[in-house]
Amino acid sequence: MAPLVPLIATMKILVLFALIGISVAAVDYTGHQVYRSYPTPGENELLQRFGKVFELDFWSDYRHGDDFVDFRVSPELRSKVNEFLTKNRINYEIFIEDLGIAIAKERKPKLSKMNDDSFDYFVYHTVDEIDEWITSFTKDNSFASVVTIGSGKSYEGRNMRGLKISTGSDRPAFVINCGIHAREWITPATCLYTANKLMNEYNMNMTITHLMNGVDFYLIPSSNPDGYAYTWSNDRMWRKTRSKSDMCDTCIGVDPNRNWDFHWGEAGSSSDCCSESYKGSVAFSEIETKNQRDFVESIENVRAYIDVHSYSQTWMYPYGYTKSPAPDAAILEKIGRDSVSAISSVDSHVFQTGSISDVVYVASGSTADFFYSKGIKCSWGAELRDTGKYGFILPEDQIGKGAEEAFQGFMVIAKNIPLGPC
Ligand code: ZN
């Protein structure tokens, strides 16, 4: 029989869902907790091994300097995890007391539909709403047009579309990619916010007008649409794509940020198809990564690229696959410092900059490394807010500031295109 407390919590959540009029996702996270642990490097190896055996859902990788790792613990595993941490004397604290409640509170109650049909940039949208928004936004804004991402279709046949914002011709390009990891909801919202802010500020804000007169912006709001749709319909915590492979009959999906053909399959990616960082059976096994590659490579003169993730507040440049510095590390470090300084002007949030492998961990087969290897010198991977209080479940009332932080960082990169460093 289920313990009484989780049962009451479940009922509360069901009532809350009923009140706000959305259906209950198939996976119920009531009673799940998110731990932050502080292992030494040696203890972290033990923790990773333990996590693999018990299929712990790691929310963050081991962070250098801070030396912490976040992971989700189900009620069934709690005593085993606590026993392991205590036995190995690994300090930890509980960051999210009840993930089910956090998910229920993530979205604001939608009590009545507003009369006006204006698009709300400060709520999360489904993949279908985003696709419809692309159509209407590009219809309403003469400088914005629809672009097809590669074949234009995902594994499950969803549209893969983006937009181009261009005030002229023959401009260098800046590609902003959002939503590659399905559960990182703040990132599609950030792409939408960015498009809207660019259009609203054109001819209003001198800096933005100047940048838009020198750079074409390409935005991909949802580059893993099947995974994103699945986070709405079935499992809020889904991260990967939704492909099925003959190589694996137990688990679904590939980590689309370990699937790129540059040092593919090396450190920091997994060949276990049930792992959250599964690299895929071959590089570009996923139609979504192939589509994005073909799309970016079809644009002439791409001078900057950023892959937007959450969470942990970082602004990172290549390399991810190795600790060795990239040839342009000094230039990128300077742009990174300027970016995090602009970001902190929004709400005093501190972002870290540096190479991916230095700031976070060694990760191979990533977008940022791949496009850097293809000659896009200003190639970035960013993690937006927060630092773990909500993690992936960032409440909607933080979309505005979270997206604005990203926007300020994007503008610093964009500025460096006409200036020369990018
Ligand atoms: Zn991510």
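Keep in mind that what you see is a predicted model, and the values were worked out from it rather than measured.

Undergrad: Just to check I follow, could you spell out the pattern of salt bridges for this structure?
TA: Opposite charge on two side chains allows them to pair when their charged atoms are near. Summed over all chains, the structure comprises 18 salt bridges. One salt bridge in this structure joins E404 and K197, with 3.0 Å as the shortest N-O distance. With E404 in helix 13 (residues 399-419) and K197 in helix 6 (residues 186-201), this pair connects stretches of sequence that are 207 residues apart. Under the relative-accessibility criterion, K197 is labelled buried at 18%. Across the salt bridge formed by E405 and R385, the nearest N and O atoms sit 2.9 Å from each other. Here E405, found in helix 13, pairs with R385, found in the loop between strand 12 (378-384) and helix 13; they are 20 residues apart in sequence, far enough to count as distant. Judged by relative accessible area, R385 falls into the buried class, the value being 3%.

Undergrad: Sorry, what's going on with the sheet that holds strand 2 (residues 57-58) here?
TA: Hydrogen bonds along the backbone pair up the strands of a sheet, which may run parallel or antiparallel. The four strands lie next to each other as 2-3-1-4, forming an open sheet whose pairing is antiparallel. Where the open sheet ends on each side, the last strands, each with one partner, are strand 2 and strand 4 (91-96).

Undergrad: Sorry, what's going on with the nonpolar core here?
TA: Burial of nonpolar side chains together is a common tendency in soluble globular proteins. Residues I165, F174, I176, F217, I306 and W315 are the most contacted members of the largest nonpolar core, which totals 82 residues. Ranked by residue count, the leading element in this core is helix 13, at 10 residues. Of all hydrophobic cores here, the second largest spans 14 residues; its members include L56, Y62, F84 and I90.

Undergrad: Can you help me understand the coordination of the zinc ion in this one?
TA: For a metal with four tetrahedral donors the ideal donor-metal-donor angle is 109.5 degrees, while six octahedral donors give ideal angles of 90 or 180 degrees. Coordination of the zinc ion by the protein comes from H181 (ND1), E184 (OE), E184 (OE) and H309 (ND1), over a distance range of 2.0 to 2.4 Å. Coordination geometry of the zinc ion: the four donor atoms subtend angles of 57 to 149° at the metal centre, consistent with an arrangement described as irregular. As a motif over one chain, the donors of the zinc ion read H-x2-E-x124-H. Placement of H181 in the loop between strand 7 (173-178) and helix 6 and of H309 in strand 9 (residues 302-310) is noted, with a sequence separation of 128 residues between them.

Undergrad: Can you help me understand the packing of aromatic side chains in this one?
TA: Aromatic rings considered in pairs are described by the distance between their centres and by the relative angle of their planes. One pass over the full model with this rule turns up 34 aromatic pairs. Here the aromatic rings of Y230 and W238 are separated by 5.3 Å at their centres, their planes lie at 70°, and the arrangement is edge-to-face. Using a relative accessible area of 21% as the deciding quantity, one classes Y230 as partly exposed. Counting every residue linked through ring pairs, the aromatic cluster contains W260, F284, Y305, F370 and F371. Taking NZ or CZ as reference, R236 lies 3.7 Å from the ring centre of W185, over its face. Note that R242 overlies the ring of Y230, its terminal NZ or CZ placed 3.5 Å from the centroid.

Undergrad: Just to check I follow, could you spell out unusual backbone geometry for this structure?
TA: Trans is the prevailing form of peptide bonds, just as negative phi is the prevailing case for residues other than glycine. Note that the residue after P318, namely Y319, is joined by a cis bond; omega there is 5°. With respect to the helices and strands, Y319 occurs in the loop between strand 10 (314-317) and helix 10 (329-347). In the segment running from R385 into D386, the intervening peptide bond is cis, with an omega of 10°. Topologically, D386 is positioned in the loop between strand 12 and helix 13. A positive phi angle, near 55°, is found at F284, a position not held by glycine.

Reading the values: rules and limits
Along each chain, residues carry numbers from 1 onward, in the same order as the chain's sequence is written. The model is predicted, so local features are restricted to residues of pLDDT at least 70 and side-chain atom pairs to those at 80 or more, both for listing and for counting; the totals for chains, interfaces and linings are taken over all residues. With hydrogens and water set aside, each side-chain value is computed from the structure's full complement of heavy atoms. Just to be clear on terms, a salt bridge is a Lys or Arg side-chain nitrogen sitting within 4 Å of an Asp or Glu carboxyl oxygen. A run of H or I in DSSP becomes a helix once it reaches four residues, and a run of E becomes a strand once it reaches two; helices and strands are each numbered from the N terminus. Throughout, exposure labels follow a simple rule: accessible area from a 1.4 Å probe, protein chains only, divided by the maximum for the residue type, with under 20% read as buried, over 50% as exposed, and the rest as partly exposed. DSSP bridges decide pairing: two strands pair if at least two such bridges lie between them. Take the buried Ala, Val, Leu, Ile, Met, Phe, Trp, Tyr and Cys residues and link them wherever side-chain atoms come within 4.5 Å; each set so joined is a nonpolar core. A donor here means any N, O or S atom no more than 2.8 Å from the metal (3.2 Å for Na, K and Ca); water is not included, so a site may seem to lack partners. Every geometry call rests on angle ranges, with four donors termed tetrahedral when all angles are between 85 and 135 degrees, four termed square planar and six termed octahedral when opposite donors are over 155 degrees apart and all others are between 65 and 115, and everything else termed irregular. When the centres of two rings from Phe, Tyr and Trp lie within 6.5 Å, Trp using its six-membered ring, the rings pair. Their planes under 30 degrees apart give stacked, over 60 give edge-to-face, and anything left gives tilted. In our convention, an over-ring charge means Lys NZ or Arg CZ found within 6 Å of a ring centre and within 35 degrees of that ring's normal.

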